[in-house]
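# Chain and residue survey
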Amino acid sequence: MVGPSSQEFGTKPAKRMGLPLLAVTTTEFPAGEIKYKFDEKLDGLEVLLVQPTYPPADRHYMQLFLASHLLSQEGARVHAVIPYLGYARQGKAFLPGEIVSLGIVAHLLRSVGVTRVSTVDMHSAEGLALFSMPIYSVSAIPGLAQHIKTYVKLDDPIVVAPDAGSAKRTQAFAALYGTKSIQFKKSRDRVTGRIKMEAPPKLDPKGRDYVVVDDVISTGGTIAASTELLKKGGARKVVAACVHAVLLGETYDKLIKSGVDEIIGTNTVPSRVSRVDATEPMAAYLRTIIAEK
Ligand code: R5P
């Protein structure tokens, strides 16, 4: 079933795998509340419910919860495919007394009948442990590396991890691209959200090309701060690559102003920079599960 937040991400893998789309009537009331109605028998069906939960995350989760509950109530087994998993960045308490939002999401998904979750480039491996059902994160990093190598003109670029959390992803990107990677040091004030970015002490970016790789670009603060450091040091070209291009509000313009020459993301979140198709690795993974049965 293709959820309301994902026409492209739902229909493409279904076509790739030759799976039928579940017919559903979705009605939205004037207050924005929705209801679903299925006209076919669901009993015994295994349903892939595709619904990314990018902003507005709460609305997209509610749409997912309602669909999953109805499907499971009617006798279907629900495997939720959530390419962008909202709240994944709050997979732990950063300050004493803070909620671990992702744990609540995991709990709610289970309570509405979800029996398995698949996602793309989950923010942290730590978050996976909060789910008491099978959960798997496929990676769109190979697709991003391949796309940039093929279509973006860069001269022997260096790949940058803007923070420690991005290091593994960035090393994988660099290995696939066939180049080296470096890591910046990011510290975030957990109260104001303000970030401080530091480059390795001996870095001389003069005349070089860089690809800054992150899992998500949200307000753009992380990528803008990395780019400003590189461009101030004389970098020739900076490309920003991310899996989830959330790009809130004026973020695209902010990044261009900071000196980013090109931004490339995938289609886990529909955006103006979604050039890489993350349904490919997802369909490949789903095929392996279906083949197991
Ligand atoms: C943080 O740990 C993430 O990997 C991203 O670096 C961060 O969430 C990006 O957010 P923003 O674009 O608002 O800096």
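Residues numbered from 1 in each chain as written. Predicted model: local features only at pLDDT ≥ 70, side-chain atom pairs only at ≥ 80, totals over all residues. Heavy atoms only, no water.

Here the focus is the layout of surface pockets. One simple way to see leftover space: roll a probe sized like a water molecule over the atoms. In this structure, the second largest pocket spans a volume of roughly 490 Å³. Along the wall of the second largest pocket there are 24 residues; nearest its centre are Leu19, Pro20, Glu46, Val47 and Leu48. Elements that contribute at least two residues to the lining of the second largest pocket include exactly helix 1 (7-17), strand 3 (46-50), strand 4 (77-82) and helix 9 (279-292). With five residues, the single largest contributor to the lining of the second largest pocket is helix 1. (1 Å grid on protein atoms, 1.4 Å probe; cavity = no way out; pocket = protein on both sides within 12 Å on 5 of 7 lines; lining within 4 Å. Points joined across faces, edges and corners; volume = space filled by probe spheres on them. Helix = DSSP H or I, 4+ residues; strand = E, 2+ residues; numbered from the N terminus.)

To continue, consider the site of the ligand. Around the ligand, 14 residues are found, and the nearest of them are Arg89, Asp214, Asp215, Thr219 and Thr222. In this structure, Gly220 approaches the ligand through a main-chain N or O atom, which is 2.8 Å from an oxygen atom. Contact between the ligand and Thr222: an oxygen atom at 2.6 Å from a side-chain N or O atom of the residue. Relative to its unbound accessible surface of 370 Å², the ligand loses 89% to contact with the protein. Mapped onto the shell around the ligand, the elements with two or more residues apiece are strand 9 (185-188), strand 11 (209-217) and helix 7 (221-232). It is strand 11 that contributes the most residues to the shell around the ligand, four residues altogether. Taken together, the residues of the shell around the ligand sort by class into two nonpolar, six polar and six charged. (Near = heavy atom within 4 Å. Polar contact = N/O pair within 3.5 Å; in protein donor to acceptor, adjacent residues only side chain to side chain. Areas by Shrake-Rupley, 256 points an atom, 1.4 Å probe, with all protein chains shown as cover. Nonpolar A, V, L, I, M, F, W, Y, C, P; charged D, E, K, R; others polar.)

Before going further, it helps to spend a moment on the sheet that holds strand 13 (residues 262-266). With respect to topology, six strands assemble into an open sheet ordered 8-7-11-12-13-14, the strand pairing being parallel. Each end of this open sheet is capped by a strand with a single partner; those strands are strand 8 (181-183) and strand 14 (274-276). The sheet shows a mean angle of 35° between the axes of neighbouring strands, direction not considered. Sheet strands touched by helix 7: strand 7 (158-161), strand 11 and strand 12 (237-245). Its angle to strand 11, the strand with the most contacts, is close to 170°. (Pairing = 2+ DSSP bridges. Axes fitted to C-alpha atoms, helices over the stretch in contact; angles between N-to-C directions. Contact = heavy atoms within 4.5 Å.)

On to the side chain of Arg169, then. Take Arg169: it is sitting in helix 6 (residues 167-177). In this structure Arg169 comes out as buried when scored by relative accessible area, which is 14%. Of the polar contacts made by the side chain of Arg169, one reaches the backbone oxygen of His123; its length is 3.3 Å. When neighbours within four sequence positions are excluded, Arg169 is seen to be in contact with Asp121, Met122, His123, Ile141 and Asp215. (Buried < 20%, exposed > 50% of the residue type's maximum accessible area, 1.4 Å probe, protein only.)

Within the secondary structure, Ala23 is located in the loop between helix 1 and strand 1 (24-28). Measuring from C-alpha to C-alpha, the distance between Ala23 and Phe38 comes to 6.6 Å, with 15 residues separating the pair along the chain. Once you skip the residues sitting within four places of it in the chain, Ala23 turns out to touch Phe38, Asp39 and Glu40.

All right, on to the sheet that holds strand 3 then. On the basis of which strands lie adjacent, the open sheet formed by four strands has the order 3-4-5-6 and parallel pairing. Among the strands making up the open sheet, the edge pair consists of strand 3 and strand 6 (135-138). Strand-to-strand twist in this sheet, taken as the mean axis angle between neighbours without regard to direction, amounts to 20°.

Contact geometry of helix 5 (residues 141-151) with helix 6 gives a least axis separation of 9 Å together with a crossing angle of 45°. As the angle between them shows, helix 5 and helix 6 are arranged oblique. Handedness of the helix 5/helix 6 crossing: right-handed. Here Ile141, Pro142, Leu144, Ala145, Ile148 and Lys149 of helix 5 lie close against helix 6, whose contacting residues are Arg169, Ala172, Phe173, Leu176 and Tyr177. (Parallel < 35°, antiparallel > 145°, perpendicular 65-115°, else oblique. Left-handed = near helix turned anticlockwise from the far one by under 90°.)

Quick look at the environment of Gln183 now. Here Gln183 shows up in strand 8. Residues Gln183 and Ile99, spaced 84 residues apart in sequence, show a C-alpha to C-alpha distance of 29 Å. Contacts of Gln183, omitting those with residues within four sequence positions, involve Ala161, Asp163, Ala164, Ala167 and Pro200.

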